[in-house]
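Here are the chains, one letter per residue:
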Amino acid sequence: MYTQAMDIPNTDGPTAVPAINEQAREAEFNERAGRGEIVEAKDWMPEAYRKTLVRQISQHAHSEIVGMLPEGNWVTRAPSLKRKTILLAKIQDEGGHGLYLYAAAETLGTSRDQMLDALHTGKAKYSSIFNYPTLTWADIGVIGWLVDGAAIMNQVPLCRCSYGPYARAMVRICKEESFHQRQGFDLLLALSKGSEAQRAMMQDAVNRWWWPVLMMFGPHDKDSQNSELSMKWGIKRISNDELRQQFVDATMPQGELLGVTFPDPDLRYNEARGHYDFGAIDWSEFWNVVNGHGPCNKERLQARVDAWEEGAWVREAALAHARKQAARVAAAAA
Amino acid sequence: MSNNKEWPLWEVFLRSRAGLDHKHCGSLHAADGAMALQLARDVYTRRQEGVSIWVVRADHIHASDPTDKAALFDPMADKIYRHPTFYELPDEVDHM
Ligand SMILES: [Fe+2]
Ligand SMILES: [Fe+2]
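### A few points about empty space enclosed by the protein
All names here are of chain A. Using the criterion set out here, one finds 2 cavities of 30 Å³ or more in the structure. Within this model, the largest cavity holds a volume of roughly 220 Å³. Around the largest cavity, the lining comprises 19 residues; the ones closest to its centre are Thr3, Gln56, Asn154, Lys236 and Asn240. Taken together, the elements giving at least two residues each to the lining of the largest cavity come down to α6 (137-158), α9 (227-232) and α10 (240-258).

Shown next as structure tokens:
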């Protein structure tokens, strides 16, 4: 998902084994988290729990911010003023989502600049999905429908996650996500009622995005490295495979409404399971993108680094202005 | 990247409707109060969630320590006479 890299080993090195009295404290903590108790920023927590959360929440935040780039590509070329204002509002929401999440991660004692530095130096990951290009206007519809749709599947259970600040950020985000998915579907619905060329453009977008979207849910449960601990701590509530299945099941009837097909010959309803079966995912493509070799990895990261560096003088000037004003007020009062 | 180049952290409180209290809704970084208000308006009221905003520098907030929770709040647990339901009155005046 937006935090797929949680399923690959942590490269920060191992967390030190806690001392004996810490272990007892940790056992008690695990028990409380398992019961569904909410942990707040200043509460005691095991170092591994804190580290896992910082990794997960910052990855999630980075995904929201990098996720603005593929859509930003179409702001100036949206086909009408209405579509342009909708797209702008959607992208602005994603910026807000990044902010809520960075703020939640900051409560764990990491600074915003540290997190951005990790992103800019390639140490921190963001979702693989944003390393694919948006080639046509139909891609914007498919992103709303499928990418935001997949994100919603993953984010709704996070509203009940054990860390209070993260859970509250997710509640706020989920309230806004439904608009994202609906505007995407609405855009595609318009294309589906359009010309032959418009329907072909939509089908082409679905063909290109379908498999990368299924990869968003991350590796199969049996290959997912940190899932068990995250489940125990109440950071993760539903497994990758379960969420992926839920998503496929929910999406099929919607695709029928749009009159699109999916690029998977094995996709069909399985009466016995009561679910859709689907074909094997090409995990070599997934790992390739996660490890930096997707179609747009370099471009995305460069865009973020450029934005940060080109904005440096604005950040510095605002701070200098604020300090000058504060000094003036202080002098006047003296 | 040193920390003193970071804009300070602000906590944002929103009054969602006239007549209600301001309620904490999130945080943001801003260089000063005016900018914090402007950003809070942009980030936290995009769908008319508020009619009034307070922003407070996060480092100006004094908060109780979670480890003092029992000492601070447990003593109230046995003071049930502070609640109206503690008093069983005759039926005639029970909606008092
Ligand atoms: Fe989002
Ligand atoms: Fe979204």
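That covers the picture; the talk isn't over yet.
### Quick look at the interface of chain B and chain A
Taken together, the 22 residues of chain B in the interface contact 25 residues of chain A. The interface formed by chain B and chain A holds 5 salt bridges in total. The closest approach of N and O atoms between Asp93 of chain A and Arg46 of chain B, which form a salt bridge, is 2.8 Å. Among the residues forming the side of chain B that touches chain A, the class breakdown is 11 nonpolar, 5 polar and 6 charged.

### Structural notes on the coordination of the iron ion (ligand 1)
All names here are of chain A. On the protein side, the iron ion (ligand 1) has Glu64 (OE), Glu94 (OE), His97 (ND1) and Glu177 (OE) as donor atoms, found 2.1 to 2.3 Å from it. Note that the iron ion (ligand 1) binds 4 donor atoms; their angles at the metal cover 81 to 155°, and the shape is irregular. Each donor residue of the iron ion (ligand 1) belongs to the same chain, with the gaps between them written as E-x29-E-x2-H-x79-E. Distance-wise, the iron ion (ligand 2) is placed 3.3 Å from the iron ion (ligand 1), both being coordinated by Glu94. Separated by 33 residues along the polypeptide, Glu64 in helix α2 (residues 47-66) and His97 in helix α4 (residues 81-106) bring together distant segments of the chain.

### Quick word on a nonpolar patch on the surface
Residues and elements named next belong to chain B. A cluster of nonpolar residues, Ile80, Tyr81, Phe86, Tyr87, Leu89, Val93 and Met96, forms a patch on the protein surface that exposes about 720 Å² of accessible area. Here Ile80 shows up in the segment after α2 (69-73). For Ile80, a relative accessible area of 48% gives the class partly exposed.

### Here's the deal with unusual backbone geometry
Non-glycine residue Gln48 of chain B carries a positive phi angle of around 55°. Tracing the backbone shows Gln48 of chain B in the loop between α1 (33-44) and β3 (52-57).

### Remarks on the packing of helix α12 (residues 297-310) of chain A against helix α13 (residues 312-333) of chain A
All names here are of chain A. At a closest axis distance of 4 Å, the pairing of α12 and α13 adopts a crossing angle of 35°. From α12, Trp308, Glu309 and Glu310 reach across to α13, where they touch Ala312, Trp313 and Arg315. Here the contact of α12 with α13 is built from residues that sort into 3 nonpolar, no polar and 3 charged.

### Here we look at the coordination of the iron ion (ligand 2)
Residues and elements named next belong to chain A. Bound to the iron ion (ligand 2) are the protein donor atoms Glu94 (OE), Asp148 (OD), Glu177 (OE), Glu177 (OE) and His180 (ND1), situated 2.0 to 2.8 Å from the metal. A residue is classified by how much of its surface remains accessible, and Glu94, at 3% relative accessible area, is buried. Asp148 gets classed as buried once you look at its relative accessible area, which sits at 1%.

### A short note on the pattern of salt bridges
Counted under the stated rule, the structure contains 26 salt bridges over all chains. Put simply, Glu176 of chain A and Arg46 of chain B hold a salt bridge, and the shortest N to O gap is 3.1 Å. Remark: Arg46 of chain B occurs in the loop between α1 and β3 and Glu176 of chain A occurs in helix α7 (residues 164-192); the pair is interchain, linking two chains. Across the salt bridge formed by Lys79 of chain B and Asp78 of chain B, the nearest N and O atoms sit 3.4 Å from each other. Residue classification places Lys79 of chain B among the partly exposed residues on the basis of a relative accessible area of 21%. Among the charged side chains, a network of salt bridges with common partners joins Glu31, Arg32, Arg35 and Glu37 of chain A.

What counts, and where the lines are drawn
- Residues numbered from 1 in each chain as written.
- Chains lettered and ligands numbered in written order.
- Predicted model: local features only at pLDDT ≥ 70, side-chain atom pairs only at ≥ 80, totals over all residues.
- Heavy atoms only, no water.
- 1 Å grid on protein atoms, 1.4 Å probe; cavity = no way out; pocket = protein on both sides within 12 Å on 5 of 7 lines; lining within 4 Å.
- Points joined across faces, edges and corners; volume = space filled by probe spheres on them.
- Helix = DSSP H or I, 4+ residues; strand = E, 2+ residues; numbered from the N terminus.
- Contact = heavy atoms within 4.5 Å.
- Salt bridge = Lys/Arg side-chain N within 4 Å of Asp/Glu carboxyl O.
- Nonpolar A, V, L, I, M, F, W, Y, C, P; charged D, E, K, R; others polar.
- Donors = N, O, S within 2.8 Å, 3.2 Å for Na, K, Ca; no water.
- Tetrahedral: all angles 85-135°; square planar, octahedral: opposite > 155°, others 65-115°.
- Patch = residues over 30% accessible without salt bridge, like charges linked within 9 Å, V, L, I, M, F, W, Y side chains within 5 Å.
- Areas by Shrake-Rupley, 256 points an atom, 1.4 Å probe, with all protein chains shown as cover.
- Buried < 20%, exposed > 50% of the residue type's maximum accessible area, 1.4 Å probe, protein only.
- Axes fitted to C-alpha atoms, helices over the stretch in contact; angles between N-to-C directions.

Purely geometric numbers; function is a separate question.
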